[in-house]
Amino acid sequence: MAKDSYLVGLIGSGIGPSLSPALHEREADRQGLRYLYRLIDIDTLGVGPEAVGDLVRAARDLGFDGLNITHPCKQLVIEHLDALAPQAEALGAVNTVVFEDGRAVGHNTDVTGFAASFARGLPDVPLERVVQLGGGGAGAAVAHATLTLGAGRVTVVDPLPDRAADLAASLNRHFGEGRAAFATPDRLAELFAQADGVVHATPTGMAAHPGLPFAAELLHPGLWVAEVVYRPLETELLRVARELGCATLDGGGMAVFQAADAFRLFTGREPDSVRMLEDIAEMAGTAESSVGKAV
């Protein structure tokens with residue numbers, strides 16, 4: 001007999017504004033499930049990210065079915081797991097942990113989430129030369145997704161050159177030499193002039209970090225622009241890009257599709273991602289938003 005009751009949670013720092021609980025619980029309600037999604041904020045608990053192992057063990061012992069993992073614990077959690085799905089192993093980051101027969105198995109739905117959102121929202125854009133801003137945890141996931149979608153070459157730009165270089169080296173090992181490169185921000189004008197599109201994977205543009213990640217004059221109408229930030233759905237970067245006539249993709253689709261993939265892993269049931277896209281548009285206060293669609 002299939003389960004109809006689930007207890008899951010999210011471990012991370014400063015996660016109070018997360019829409020994940022509502023996304024999961026709304027979909028579960030529609031499917032007639034009892035589904036509790038709890039926030040486990042390390043800031044509220046007064047512990048550091050290195051406590052993630054203890055928190056995962058406690059959740060397993062308390063009967064949780066699974067956990068989502070976010071910044072700054074996606075890499076640190078790995079050593080505390082019993083197994084990794086291939087995607088998580090290739091990426092070196094976990095955002096979903098499923099408890100199965102007493103074992104903790106790590107997955108990464110950020111990659112599949114961004115890929116699904118991009119394929120839905122920007123299905124026909126050129127992908128030969130892509131510039132990505134940000135080489136952190138989200139950046140690693142979206143770079144993997146972009147190359148999986150068939151990008152010819154992704155150039156990772158990060159103010160920390162070692163981080164960008166490490167990500168590019170990892171991508172080349174996984175996808176083949178020459179598929180990734182790295183650069184410093186002072187080369188953005190040159191890179192944008194030759195690029196087909198830009199993926200933005202830094203916190204700039206979030207409600208707590210408003211503004212643009214680079215000078216607006218670097219954009220031109222020939223570029224498409226994909227955003228990872230989803231609070232707000234329309235960041236200043238997307239607003240400026242749309243005004244210029246660029247094709248754009250907001251971060252809501254990635255948030256929904258990674259949540260849908262996690263819901264499927266936790267419950268074994270198929271979520272309705274279209275309804276979940278409507279949910280996030282409503283929750284973000286922009287029911288008229290083109291979440292996950294090109295504009």
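The structure this text deals with has already been given above.
In this report, we go over the structure that sits alongside the text. Keep in mind it's a predicted model, so treat the numbers as computed, not measured. (Residues numbered from 1 in each chain as written. Predicted model: local features only at pLDDT ≥ 70, side-chain atom pairs only at ≥ 80, totals over all residues. Heavy atoms only, no water.)

### Points about helix 7 (residues 161-175)
Step number 1: For helix 7, which comprises 15 residues, the first-to-last C-alpha distance of 21 Å matches the rise-based estimate of 21 Å (1.5 Å per residue) to within 8%.
Step number 2: Of the positions making up helix 7, those classed as buried are Ala164, Leu167, Ala168, Ser170, Leu171 and Asn172.
Step number 3: Considering only its buried residues, helix 7 is in contact with strand 7 (129-133), helix 6 (137-148), strand 8 (153-157) and strand 9 (180-183).
Step number 4: A positive backbone phi angle near 115° is found at Gly176, which sits one or two residues after helix 7. (Helix = DSSP H or I, 4+ residues; strand = E, 2+ residues; numbered from the N terminus. Expected span 1.5 Å × (residues − 1). Buried < 20%, exposed > 50% of the residue type's maximum accessible area, 1.4 Å probe, protein only. Contact = heavy atoms within 4.5 Å.)

### Some words on the sheet that holds strand 3 (residues 66-69)
By definition, the strands of a sheet pair up through backbone hydrogen bonds, in either a parallel or an antiparallel sense.
Step number 1: What the six strands build is an open sheet, ordered 2-1-3-5-6-4; its pairing is mixed. Looking at strand neighbours, the two that pair on one side only are strand 2 (34-41) and strand 4 (83-84), the edges of this open sheet.
Step number 2: With five bridges joining them, strand 5 (residues 96-100) and strand 6 (residues 103-107) adopt antiparallel strand pairing. In the strand pairing of strand 6, Glu100 is matched with Arg103. (Pairing = 2+ DSSP bridges.)

### A few points about the nonpolar core
Step number 1: Residues Phe114, Phe118, Trp224 and Ala226 are the most contacted members of the largest nonpolar core, which totals 31 residues.
Step number 2: Among the secondary structure elements, those contributing two or more residues to this core are helix 5 (109-121), helix 6, strand 8, helix 7 and strand 11 (224-227).
Step number 3: The dominant element in this core, judged by the number of residues it contributes, is helix 6, at six residues.
Step number 4: When neighbours within four sequence positions are excluded, Trp224 is seen to be in contact with Phe118, Leu122, Val125, Pro126, Leu127, Val130, Asp196, Gly197, Val198, Val199 and Ala247. (Core = buried A, V, L, I, M, F, W, Y, C linked by side-chain atoms within 4.5 Å.)

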